[in-house]
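# Analysis of the macromolecular model
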Amino acid sequence: MEIVIVGAGVIGLATAWRTAAGGATVTLVDPEPASGATAVAAGMLTPVSELTYGEEPLLRLGLASRDRYGAFVAELEELTGLDTGHRTDGIIEVAFDADDLRYLDDLRRFQDSLGIPTEALTGRECRRLEPMLAPGVRGGLLAPEDGSIDPRRLAPALLAAAERLGVRVVRRRAAEIVIERDTAVGVRLDDGTEIRADRVLLAAGSWSGDLAGLPPGTVPPVRPVKGQVIRLRARTPFVGRSTRGLVKGSSVYLVPRLDGEIVVGATQEELGFDTRVTAGGLWELLRDARELLPGVTELEFTEVSAGLRPGSPDNAPVMGPSALPGLFVGTGHFRNGILLAPVSADILSAMLLDGPVPEVAGPFTPGRFSPEVHS
Ligand code: FAD
C-alpha cells in the first residue's frame, strides 16, 4: 500500500509514523515540516480542563488520546532517543473573582456528572500548590491526570521516528490532487512532479482546503483561528504545573517546561490567515497573567508568535474518507491537535490501512457535514 500524506504538522507526522509502522510505504509532503500551528502550540494535554458543554464525544476522544500518551511517548523516545518534554503532573485551573469561581464550580459539577475526577480547591489550597498565585485568587480545581508536552520537541521526534521507519519526506508544497477515473491517485507538487499513491491523506491543518482539483463536497470544511502566545523564561521555578486561569471571564494559561520556558497563551481570533502579532493581543495575555501571577512581569521575555488552529464548523476533528475515492481527510483539530495526535494517528492509520478503526472515531467523519460524503 502506497500512501501520500499532505502536511507534516503533528497530525500528518504522527499518522505517517503509525501508518509506516503498519507496513505501508509512506511519502510525507510539506515544504516546511511542523511550521504551522504545531510550532506555536502550548502543548497542554487537557481533555478535562478544556471540557465544554455539549462536547462529550470530543471529551471521549480527548480522554482516549490522553490515555494513549504515555505509551506513545515511551515508544517514540525509545525509537529516536529524543526527549519530548512530556509531563503528567496535572493542571490547575483557578478563578480570579466570584463570577469566575461560579463558572468553575459549574464546570466541576458537569465533570462530576460525567465521572471525571477533578478536585475542588479553596484559594489557600491553590496557593499551597502554586505559591506564586496572587493572594486574591478565589479557588479552583485540579485535574490530576492532565499534563503537557513540548510540541517543539514532539514534532522533531515524530519526524525522526517516521524517517527511521522509511517514510520519505518531500520538502515541497502539494499544489493539486491528481484524479483519474473519479479516484484520487496522488498529488502534483508545486514543481510539477507527480507522486502516485493508492491513498492520499489531506492533513495540512488550516490549509487543507487549498489544493487545486478538489471536487465539490471534498474540500475539508476548515477555517483558520488565530492564536497568539508569548514565551518567557524563568531562572528559578515559577509555576510547577500548567496553570489556567479565568480572569473576569477571560481565559489565560501558563505552561511551564522543565528547561524554564513558560508559554503564556492564547488569544482566539477569527481573522482568516492573518498571523501578525498585535500589541493588543499581547497586552491582554500579560494583563490577565499578571492578575493571576504578579511575578510574571519579572520573567525574561523570549518570543511572541501567532499560529492558525484548524477549526471545523463544530470545532471537532474531521477524520475519514472523503466523497472522492482514494482521498482521506485528517484535520479540524482546532484547540486540541497536540492532545489528539496519538488517537488521531491510530484512527487515520487504521482507516488508511483498512484495519479496525477505534470506536471513538465514530462522530468525527467528514460525512457529518455533507450528505454526499462517504462516512
Ligand atoms: P498544522 O500544525 O498547522 O500543520 C499543517 C502543516 O501542513 C504545516 O506544516 C504546513 O507547512 C503544511 N502544509 C500546508 N499547506 C501545504 C501544502 N499545500 N502542501 C504540503 N504541506 C502543506 N493543541 C493542544 O492539544 N494543546 C494546546 O495547548 C494547544 N495550544 C495551542 C495554542 C495556539 C496558540 C495554537 C495556534 C494552537 C494550539 N493547539 C493546541 C492546537 C494545535 O496546535 C493544532 O490543533 C495542531 O497543531 C493541528 O495540527 P495539524 O497537523 O493539523 O496542522
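Residue numbering note: each chain is counted from 1, following its sequence as written. Only residues with pLDDT of at least 70 get local features here, since the model is predicted, and only at 80 or more are side-chain atom pairs given and counted; chain-wide, interface and lining totals rely on the full set of residues. Water and hydrogen atoms play no part in the side-chain values, which are based on all heavy atoms of the structure.

### Remarks on the side chain of threonine 243
Helix numbering and strand numbering both begin at the N terminus, where a helix is a DSSP run of H or I of at least 4 residues and a strand a DSSP run of E of at least 2. Its location among the elements puts threonine 243 in strand E14 (residues 242-247). Only protein chains enter the area calculation, which uses a 1.4 Å probe; residues under 20% of their type maximum are buried, those over 50% are exposed, and those in between are partly exposed. Since its relative accessible area comes to 1%, threonine 243 is described here as buried. A polar atom in the side chain of threonine 243 sits 2.9 Å from the backbone oxygen of arginine 241. Two residues form a contact once any of their heavy atoms are found within 4.5 Å. The residues contacting threonine 243, other than those within four sequence positions of it, are Ile92, Glu130, Leu133, Val252, Tyr253 and Leu254. N or O atoms within 3.5 Å of each other form a polar contact, as long as, within protein, one can give a hydrogen and the other can take it, and as long as residues adjacent in sequence are counted only when both atoms are side-chain atoms.

### Examining the sheet that holds strand E18 (residues 318-321)
Here a strand pair is declared whenever DSSP counts at least two bridges between the two strands. Taken together, six strands build an open sheet; the order of strands is E8-E2-E1-E12-E19-E18 and the sheet is mixed. Of all strands in the sheet, those bounded by a partner on one side alone are strand E8 (168-170) and E18. Taken pair by pair, the neighbouring strands of this sheet meet at an average axis angle of 20°, ignoring direction. In terms of strand pairing, strand E1 (residues 2-6) meets strand E2 (residues 25-29) through five bridges, oriented parallel. Across the sheet, valine 4 pairs through a bridge with threonine 27, a residue of E2. Its contacts with the sheet place helix H1 (residues 10-21) against E1, E2, strand E12 (199-202) and strand E19 (327-331), and it is angled at close to 165° to E2. Note on geometry: axes are C-alpha line fits, over the in-contact stretch for helices, and angles between N-to-C directions span 0 to 180 degrees.

### Observations regarding the site of the ligand
Around the ligand sit 39 residues, and of these Asp30, Thr38, Met44, Phe334 and Leu339 come closest. Measuring from an oxygen atom of the ligand, one finds a side-chain N or O atom of serine 35 at 3.2 Å. The backbone of arginine 335 places a nitrogen or oxygen atom 2.8 Å from a nitrogen atom of the ligand. Protein chains shield 96% of the accessible area of the ligand, which is 1,000 Å² for the free molecule. Residues from two domains meet in the shell around the ligand; each of domain 1 (2-44 + 152-221 + 313-374) and domain 2 (91-144 + 223-311) gives at least three. Proximity is defined per residue: if any heavy atom of the residue lies within 4 Å of a molecule or strand, that residue is considered near it. Working definition of accessibility: Shrake-Rupley area with a 1.4 Å probe, residue cover restricted to the visible protein chains. Boundaries of every domain are those given by an automatic assignment or by a domain database.

### Quick word on the domain arrangement of the protein
Taken domain by domain, the protein holds domain 1 (2-44 + 152-221 + 313-374) and domain 2 (91-144 + 223-311). Taking only C-alpha atoms into account, the centre of domain 1 sits 31 Å from that of domain 2. On the side of domain 2, 24 residues touch domain 1, which itself brings 19 residues to the contact. Here the quantity called buried area is the total loss of accessible area, with a 1.4 Å probe, experienced by two parts when brought into contact, counted for both. Both sides of the domain 1 and domain 2 interface together cover about 1,700 Å² of buried area, and 58% of this is carbon and sulfur. Basic side-chain nitrogens of Lys or Arg form a salt bridge, by our definition, when they fall within 4 Å of a carboxyl oxygen of Asp or Glu. Inspection of the region where domain 1 meets domain 2 yields two salt bridges. Note that aspartate 259 is salt-bridged to arginine 153, the shortest N-O span being 3.6 Å. Of all the elements in the fold, those that place two or more residues in the side of domain 1 that touches domain 2 are helix H2 (37-40) and helix H6 (151-164). Counted by class, the side of domain 1 that touches domain 2 contains 10 nonpolar, six polar and three charged residues. Residues are grouped as follows: Ala, Val, Leu, Ile, Met, Phe, Trp, Tyr, Cys and Pro are nonpolar; Asp, Glu, Lys and Arg are charged; all remaining types, including Gly, are polar.

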